[in-house]
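Coordinate analysis (summary)
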Amino acid sequence: MEYVVNLAWDHEAGVWIATSESIPGLVLESGSFDALLERVRHAVPELLALNRTEPSVLQLTFLSERHERIAL
């Protein structure tokens, strides 16, 4: 299953924010884009386990503010 993570820059707060409609509870922020990606990679499996939706294969798709896919 593919999970989509939305990444946006909050100009007022000066942080990157990650949210997802397909991963309940995912709301993370960081002042560094790279640090945010790392936090997402660690948080997603934990959130899926808590929501009891652990997939056998985890595929994350990151979308930027401009809806561009980010390959990692």
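For the structure, check the block above.
Residues numbered from 1 in each chain as written. Predicted model: local features only at pLDDT ≥ 70, side-chain atom pairs only at ≥ 80, totals over all residues. Heavy atoms only, no water.

1. Overview of the environment of Gly-25
Inspection of the secondary structure puts Gly-25 in the loop between strand 2 (15-19) and strand 3 (27-30). Residue class for Gly-25 comes out exposed when judged on its relative accessible area of 62%. The spacing of Gly-25 and Ala-43 is 18 residues in sequence and 9.8 Å in space, taken between C-alpha atoms. (Helix = DSSP H or I, 4+ residues; strand = E, 2+ residues; numbered from the N terminus. Buried < 20%, exposed > 50% of the residue type's maximum accessible area, 1.4 Å probe, protein only.)

2. Details of the environment of Ser-32
Following the sequence through the fold, Ser-32 ends up in the loop between strand 3 and helix 1 (33-50). A residue is classified by how much of its surface remains accessible, and Ser-32, at 32% relative accessible area, is partly exposed. In this structure the C-alpha to C-alpha distance between Ser-32 and Trp-16, which are 16 residues apart in sequence, comes to 6.8 Å. Within polar-contact distance, the side chain of Ser-32 engages the backbone nitrogen of Asp-34 at 3.4 Å. (Polar contact = N/O pair within 3.5 Å; in protein donor to acceptor, adjacent residues only side chain to side chain.)

3. A short note on the pattern of salt bridges
Overall, the coordinates contain one salt bridge when judged by the stated rule. A salt bridge links Glu-38 to Arg-41, with the nearest nitrogen and oxygen atoms 2.9 Å apart. In this pair, Glu-38 and Arg-41 both sit in helix 1, three residues apart, roughly one turn of the helix. Here Glu-38 falls in the partly exposed class, since its relative accessible area comes to 37%. Judged by its relative accessible area of 37%, Arg-41 falls in the partly exposed class. (Salt bridge = Lys/Arg side-chain N within 4 Å of Asp/Glu carboxyl O.)

4. Structural notes on the side chain of Ser-30
Tracing the backbone through its elements, the reader meets Ser-30 in strand 3. By relative accessible area, which is 13% here, Ser-30 ends up buried. Within the structure, the side chain of Ser-30 is placed 3.3 Å from the backbone nitrogen of Ser-32, a separation counted as a polar contact.

5. What to know about helix 1
The end-to-end C-alpha distance of helix 1, which contains 18 residues, comes to 25 Å, matching closely the 26 Å that a straight helix rising 1.5 Å per residue would cover. The sharpest bend along helix 1 comes to roughly 30 degrees, located at Ala-43, with the proline Pro-45 sitting one to four residues further on. Looking at the buried positions of helix 1, the neighbouring elements they touch are strand 1 (2-10), strand 2, strand 3 and strand 4 (59-63). A side-chain oxygen of the first residue of helix 1 lies 3.4 Å from the backbone nitrogen of Asp-34; this N-cap is Ser-32. (Expected span 1.5 Å × (residues − 1). Bend = angle between axes of the 7 residues up to and from the residue. Contact = heavy atoms within 4.5 Å.)

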